[in-house]
Structures are given as structure tokens and as C-alpha cells.
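# Chains, contacts and geometry: an overview
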Amino acid sequence: MAHMASTTPAPTVGFDLDMTLIDSRPGIRACYLALAERTGTYIDADLAVTRLGPPLAQELVNWFPAERIAPMADLYRAMYPTIAIVPTPAMPGAREAIAAVRAAGKRAIVVTAKHEPNAKLHLKHLGIEPDEVIGDLWAEQKADALREHGAGVYVGDHVGDVRGARKAGAFSVAVPTGPCDADELSAAGADVVLKDLTEFPDWLADYRPAARA
């Protein structure tokens with residue numbers, strides 16, 4: 001079958017997690033409020049959840065001095081499982097998107113900036129079962145995992161996801177369901193912008209990758 005490699009779609013599709021597969025705003029908001037209460041430090045949780053995507057430390061730097069970022073991140077991650085998992089729903093079309101990948105005979109992986117154990121807890125709670133979950137990778141860092149797992153497509157909601165897909169040489173599918181709108185995602189180089197994941201199964205059914213030179 002090796003001679004078909006140039007026209008056969010890549011065997012793996014990658015997905016981002018926060019605001020792509022899950023609406024993590026309720027859980028993350030609750031966790032920031034708990035962290036604020038625990039530390040006596042003001043955190044605008046409503047503002048924080050409008051800019052999800054980048055690593056936790058990039059948000060904490062707005063509320064804590066530099067020397068406290070690492071211990072506050074550890075505390076947040078420790079509190080997260082008991083506070084943030086249950087209130088977090090799947091995004092519309094998330095389960096169907098993973099199922100479509102499976103139905104096409106491909107593997108589905110999740111590559112996320114979220115702390116990997118907490119990412120796995122979210123997916124387990126929602127009954128979403130990708131083949132692999134790789135956490136703690138943001139933007140261009142995601143390219144390493146995408147390449148390693150042979151992902152020809154990466155689906156995400158943030159310009160950082162687009163950059164990761166492009167660096168990996170993967171087809172960038174974007175959904176404006178997080179902090180970045182469709183124009184931003186297109187400008188960042190997304191190959192296609194869908195309304196949300198409910199459009200993904202039809203898109204995947206029609207997708208034919210261009211032969212890479």
C-alpha cells in the first residue's frame with residue numbers, strides 16, 4: 001500500500017481541548033474564584049475565561065508577582081479536578097467530530113496546553129475517548145506531538161493552534177468558538193474556518209489532502 005501514500009489521507013486528526021472540544025469556561029471560572037478565595041488575591045475570573053488557550057502561567061502573571069506564579073499554578077492544578085471537571089460540558093459537535101474521525105478509519109488525538117492529567121479527567125468525565133491525549137503543549141510546541149503521531153489535520157479555536165498546525169505541516173481547521181474570531185483565524189493562516197464542530201463530519205467526509213511535494 002506504500003505507493004498510495006501521497007493520495008491517502010493522513011491517519012491521524014488532532015484536536016485542541018479548551019473551547020474546541022469542551023466549553024471549559026464554567027470550570028475554569030470556578031477554579032479561579034476558588035484560587036482567589038484561597039489566596040486572598042483578586043482575580044477577575046470573568047475576564048480570564050475570555051482569553052483561554054495559552055498556558056496557565058500566562059494568565060496568572062496578571063494577578064500574582066513573578067515569584068508566586070509556579071506555586072500558584074501548582075495550587076490551581078491541584079484544586080482543578082474537584083472544582084472544574086463536573087461543570088464543564090462538551091462543545092456542540094465534539095463527540096460527533098471524534099466519531100467521524102473513527103468512522104473514517106483514522107485515529108483521533110488531543111493536543112492541548114492544559115495540564116495533561118486534568119485534560120484526561122475532562123474527557124473521561126464526558127465520555128469522549130480519543131486515542132491519545134498529549135498535554136502541556138502550546139502553539140508551536142504542539143507541532144512536535146502532531147508530527148510524532150502523524151497528524152495530517154489539526155482542529156483548534158485559537159491562532160496558537162493554527163501556528164502549531166502550520167509548523168507541523170498539518171491542515172489547519174479552525175473554529176471560532178473560543179477567544180479568536182473567524183477573521184483572526186483566517187489571517188493567522190487557517191486552511192478552513194468552520195462555524196463550529198457540528199460542521200466537521202461533513203467537512204472531513206469531503207476532505208482530500210493535497211499531495212505534499
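Residues numbered from 1 in each chain as written. Predicted model: local features only at pLDDT ≥ 70, side-chain atom pairs only at ≥ 80, totals over all residues. Heavy atoms only, no water.

### Comments concerning the overall build of the chain
Looking only at helices and strands, the chain features 10 helices and 6 strands. Overall, the C-alpha framework of the chain stretches about 60 × 30 × 30 Å when taken along its three principal axes. By the burial criterion, 50% of the 213 residues in the chain qualify as buried. Accessible area of the chain: about 9,900 Å², with a carbon and sulfur share of 54%. Side-chain charges of the chain comprise 21 positive and 28 negative groups, with the mean position of each set lying 4 Å from the other. (Helix = DSSP H or I, 4+ residues; strand = E, 2+ residues; numbered from the N terminus. Buried < 20%, exposed > 50% of the residue type's maximum accessible area, 1.4 Å probe, protein only. Areas by Shrake-Rupley, 256 points an atom, 1.4 Å probe, with all protein chains shown as cover. Lys, Arg positive; Asp, Glu negative; His and termini not counted. Charge placed at Lys NZ, Arg CZ, Asp CG, Glu CD.)

### Observations regarding the packing of helix α4 (residues 69-84) against helix α6 (residues 116-126)
The N-to-C vectors of α4 and α6 enclose an angle of 5 degrees; their axes lie 10 Å apart at closest approach. One finds that α4 runs roughly parallel with respect to α6. Counted together, R77, Y80, P81 and A84 of α4 and N118, L121 and H122 of α6 form the full contact between these two elements. For the contact of α4 with α6, a count of residues per class yields 4 nonpolar, 2 polar and 1 charged. (Axes fitted to C-alpha atoms, helices over the stretch in contact; angles between N-to-C directions. Parallel < 35°, antiparallel > 145°, perpendicular 65-115°, else oblique. Contact = heavy atoms within 4.5 Å. Nonpolar A, V, L, I, M, F, W, Y, C, P; charged D, E, K, R; others polar.)

### Section: the confidence of the model for the chain
On average, the chain scores 94 in pLDDT, and the residues at 70 or more come to 94%. Of the regions scoring below 50 in pLDDT, residues 1-7 engages in 1 contact with residues more than four places distant in sequence or in other chains. (pLDDT = per-residue confidence, 0-100.)

### Details of the environment of T112
Along the polypeptide, T112 turns up in the loop between β2 (107-111) and α6. When the C-alpha atoms of T112 and A139 are compared, they prove to be 9.0 Å apart, with 27 residues separating the residues in sequence. Look past the residues within four positions of T112 in its chain and what remains in contact with it is D16, L17, A119, I134, G135, D136, L137 and K142.

### Remarks on helix α1 (residues 25-39)
The α-helix advances 3.6 residues per turn, and as a result positions three or four apart in sequence lie on the same side. Across its 15 residues, α1 extends 21 Å between first and last C-alpha, which sits within 8% of the 21 Å expected from 1.5 Å per residue. Backbone geometry just after α1 places G40 at a positive phi near 70 degrees. (Expected span 1.5 Å × (residues − 1).)

### Some words on the side chain of D16
Examined against the element boundaries, D16 turns out to sit in the loop between β1 (12-15) and α1. Residue classification places D16 among the buried residues on the basis of a relative accessible area of 6%. At a separation of 3.0 Å, a polar atom in the side chain of D16 contacts the side chain of T20. At a separation of 3.0 Å, a polar atom in the side chain of D16 contacts the side chain of K142. In this view, D16 contacts L21, V111, T112, K142, Y154, V155, G156, D157 and D161; residues no more than four positions away in its chain are not counted. (Polar contact = N/O pair within 3.5 Å; in protein donor to acceptor, adjacent residues only side chain to side chain.)

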